[in-house]
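# Coordinates in review
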Amino acid sequence: MNDIRVHAVDASNLVSKEGCEKLVEIYRSYSEHHQVFVLSPVRDSQLEIGSLLLLARHHDERLWSMLEKRFSVWTELVDRLLARLAGEKVLQRIKEGFANIEDLLRAVWLVEDISSGSKNYIDMVVSSWVADVLCHYVTALKITSNLLDYQFALRETGVKQDCLFVSGLLPQAENFSPSDGIAEYAASMLAASLQAKGLTFWNDMALLRNADVLEVPSAKIIRSLSYAEATELSFFGAPLIHPQALLPAIEASIDVQLRWWADIEAEGTVISKQGDGMSPNRVKGFSIIHDVALINVEGAGMSGVIGIASRLFTAMREASISVILISQASSEYSICFAVPEKQMRLAVETAKVAFAHELGDHMIQSIDGEIGCAILAAVGKQMTGQAGVAGKFFSSLGKAGVNVRAIAQGSSETNISVVIKGSDSKKALRALHAGFFLSKQALSVGLFGPGNIGGTLLDQIASETVRLKEQFGLDIHIRGIANSRKMLLDEEGIDLSRWKERFENEAVDLKMEDFINHIGATYFPHSLLVDCTTSSQLAEKYVSWLERGIHIITPNKKAGTTNYTYYRSLLDTCLRTGRRFLYETTVGAGLPVICTLKDLVQTGDRVHRIEGIVSGTLAWLFNQYDGNVPFSSLVRKAKEMGYTEPDPRDDLSGMDVGRKTVILARELGYAVEVSDIPIESLVPIQLQDASLSEFMSRLEELDEPMLKLFREAEGRGEKLRYVGCVDEQGHCSASLKSFVADHPFAQATGTDNVICYTTDRYFSQPLVIKGPGAGRDVTAGGVFSDILRLAAYLGARI
Ligand SMILES: NC(=O)c1ccc[n+]([C@@H]2O[C@H](COP(=O)([O-])OP(=O)(O)OC[C@H]3O[C@@H](n4cnc5c(N)ncnc54)[C@H](O)[C@@H]3O)[C@@H](O)[C@H]2O)c1
Ligand SMILES: N[C@@H](CCO)C(=O)O
Ligand code: NA
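Parameters and conventions
Numbers given for residues are sequential positions, taken from 1 along each chain in its written order. Whichever chain is written first is A, and whichever ligand is written first is 1; the rest continue in order. Under the rules for a predicted model, residues below a pLDDT of 70 receive no local features and side-chain atom pairs below 80 are neither given nor counted, while totals for whole chains, interfaces and linings still include all residues. Values reported for side chains reflect all heavy atoms of the structure, with hydrogen atoms and water molecules removed beforehand. Pairing between two strands requires that DSSP report at least two bridges joining them. Helix and strand assignments follow DSSP, with helices taken as H or I runs no shorter than four residues and strands as E runs no shorter than two, numbered in order from the N terminus. Geometry is summarised by axes, namely lines fitted to C-alpha atoms with helices restricted to the contacting stretch, and by angles between N-to-C directions that run from 0 to 180 degrees. We call two residues contacting when some pair of their heavy atoms lies within 4.5 Å. Only a single heavy atom is needed: when it lies within 4 Å of a molecule or strand, its residue is near that molecule or strand. Contacts described as polar in this section are N or O atom pairs within 3.5 Å, which, within protein, must combine one atom able to donate a hydrogen with one able to accept it, while residues neighboring in sequence count only if both atoms come from side chains. Note that accessible areas follow from Shrake-Rupley with a 1.4 Å probe, and for residues the cover is restricted to the protein chains shown. Polar here means any residue other than Ala, Val, Leu, Ile, Met, Phe, Trp, Tyr, Cys and Pro, which are nonpolar, and Asp, Glu, Lys and Arg, which are charged; Gly is therefore polar. The domain limits used here are those given by an automatic or database domain assignment. Three labels apply to residues, based on accessible area from a 1.4 Å probe with only protein chains included: buried if under 20% of the type maximum, exposed if over 50%, partly exposed otherwise in between.

### Brief notes about the sheet that holds strand β9 (residues 285-298)
Pairing within the open sheet is antiparallel, and its 6 strands lie in the order β10-β11-β9-β12-β14-β13. Edge positions in the sheet fall to β10 (325-328) and β13 (404-409), since each of these pairs with one other strand and no more. Each adjacent strand pair in this sheet contributes to an overall mean axis angle of 30°, direction not counted. Taken together, the 7 bridges between strand β12 (residues 366-379) and strand β14 (residues 415-421) define a ladder with antiparallel strand orientation.

### Describing the sheet that holds strand β3 (residues 145-149)
Strand order in this open sheet of 8 strands is β3-β4-β2-β1-β5-β7-β8-β6, and the pairing throughout is mixed. Of all the strands in the sheet, just β3 and β6 (224-226) have a single pairing partner and so form its edges. Sheet twist, expressed as the average angle between the axes of neighbouring strands with direction ignored, equals 20°. Where helix α5 (residues 116-139) meets the sheet, it contacts β2 (34-39), β3 and β4 (163-167), and its direction lies at approximately 170° from that of β3.

### Some details on the site of ligand 1
By nearness alone, 26 residues border ligand 1, and N452, I453, T533, E645 and G775 come closest of all. With respect to ligand 1, the backbone of G642 contributes an N or O atom lying 3.0 Å from a nitrogen atom. Relative to its unbound accessible surface of 840 Å², ligand 1 loses 82% to contact with the protein. Counted by class, the shell around ligand 1 contains 10 nonpolar, 14 polar and 2 charged residues. Each of two domains, domain 3 (443-586 + 784-793) and domain 4 (593-774), supplies a minimum of three residues to the shell around ligand 1.

### So, the environment of D495
Its location among the elements puts D495 in the loop between β17 (486-489) and α16 (499-506). Overall, D495 belongs to the partly exposed group, its relative accessible area being 39%. On a C-alpha basis, the gap between D495 and A462 in space is 8.0 Å, while along the polypeptide they are 33 residues apart. Within the structure, the side chain of D495 is placed 2.8 Å from the side chain of S497, a separation counted as a polar contact.

See the structure below:
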């Protein structure tokens, strides 16, 4: 016997050229099989004819013109799809069909009654036209085909042609809502009777995901399910699975694919006997039943009394109340159960009547109902057979602050259900999704300031994300980018190969609260804000962000140099919340300046003095300056190369060095303020308050005083260097000095920072850190290292 694959397709999708082409594409993708396409009734409003029955019954004269219109739609369609000869044949049959339908409508008009037979007849005839059109369409493509009425198809034992189109009166499973999955059920029956190798349901809505995308935007497509898991998920409202439609296929052990008509390339879900028995993740998905009420029956007198539960649920059954979940503690002190919200009143009344006697005797104290609940279920094959699943389930809910009101676990171990407040359902689903399907190190990252450093950082992350994920399981999602006016948010993470373009075209007005809420979403295991701006306002918010559980990484020196009280509260908040504030790049850019100092201090070394060239810009300027090229043109170049602060006066005024010196002093425990320390400025007084653009246009005014200083130092055989210093008493200073040629400071080149730590252990020879201390690549690289440092702290295997 030949291998057969059966498809269930909505015929409404097939009455267009695109639809027919799609079907042929599907056919070709399985061309090693004979294929059977079971067509559902046509439900397209343009083409539908069954709806005319109502007009006939109500003697609505518009009926005849509408019938005429429908006929012309069908003839046009055939003209468009088929060549002349084939078209004529099909049209002839359609014409005959319309004549019969017209007779039927007249009969309905007369008797004023629509029998179910008339509706079925019309559905049947119309879907046979579709099959007819398809047959001729594929014949023109040299695909052999036939069309068969469903009842006849069931009697076939094989399929001889390349493909077979089955239409006609399709059977309905019991308790079926007729519009739901009728073609699926018929296809499943047919697949079983033909002993097909596979069965595909082509739905119109979407692919099956492990949670509702509206509630959990990052929900993933489920690739495989066992029969039991699929049935369980469908009960919990997964709209794409029709449980009754699966039954015939399940009995015949046929694999069923759930696929999506709109994206026929996408793989979809395979439902099979074994599911993916090998997968370590036993939980397949989460579902929610909304609008549920919880009924609580409580009373000390119930304990040990036989028959209470039986009387309670018999009463519910007699009142036609559907009980969706039951839970009873073994103390038997209370029974609680869930019912649809609209049956809550009836359920409570019914229980009160049933136990009127016990209520009177105070054997039962109370019977209460509570609306606004939801049932949340985790579904997976034997998931509860695996230790730790329930633990993770409840701890994820607990961490997200979701209160669990009642618990039930199916003994089949394919589902754990809990009753929660309806308003918690989104939060709960997201928390579970993160707990079970995201990697433990998944980081939700927001970046402020996609400028010089921030932009370079994004590009660096872009080229390393895949490797980091593969090598270390590190999962970085850049979920937001903002400057001072605009923000771009993305649920999954912005594709960094085109962040600039997306930021330019899609960013919306910045709403700070929305941005922080988005990045700090509790359904991500960890969140991080990276501040690549020079903003003091943002720095003032760090404490509140840490409080909300968000880690902070920054090259911005503002937080480390505002008033000492705030700085202290920042560190205290870190200690208290376990969140990290990392700022290695605030001194010496990517050079390991801060972490080295922390290591010295934490291991008990005593630091006597820190002295260093800590401005990359000033280092570069004094290295380059030889009295010939004007100082001002060097400043312009340094700005272009990304060494300077956005306003180069921050460098030239010594302020940048002053700030870095304070950061280092505070690292040693000194409560220093920037305003306390002497800072020597190289900016002429008349330019201090000018606008940035005016300052840049009047840069030449720096040249003469600088040339004078240079010549004086040259006269002494020394070189100019701008240095910061912290002494043993915690006194700080920032000033321009000159050094003899063999001093380490005089020998530095390029943007080299040189930082000397004189300590107990490094006394006669200070510990020296030297290297480029400014620039886009080294700084962004340093911020990136801080991100990896954070990830390691959070448990990544780096
Ligand atoms: N250039 C270096 O070598 C270097 C080295 C170490 C540290 N840093 C520090 O890196 C930071 C960034 O420097 P840059 O050269 O990239 O600056 P930049 O001017 O190129 O970029 C700053 C970005 O921040 C944005 N921004 C400004 N204020 C904001 C606010 N309140 N909210 C949100 N966004 C805001 C701007 O729109 C811009 O996109 C600075 O703090 C700087 O001190 C720079
Ligand atoms: N403008 C700074 C950048 C590094 O903080 C410098 O030149 O050192
Ligand atoms: Na550094």
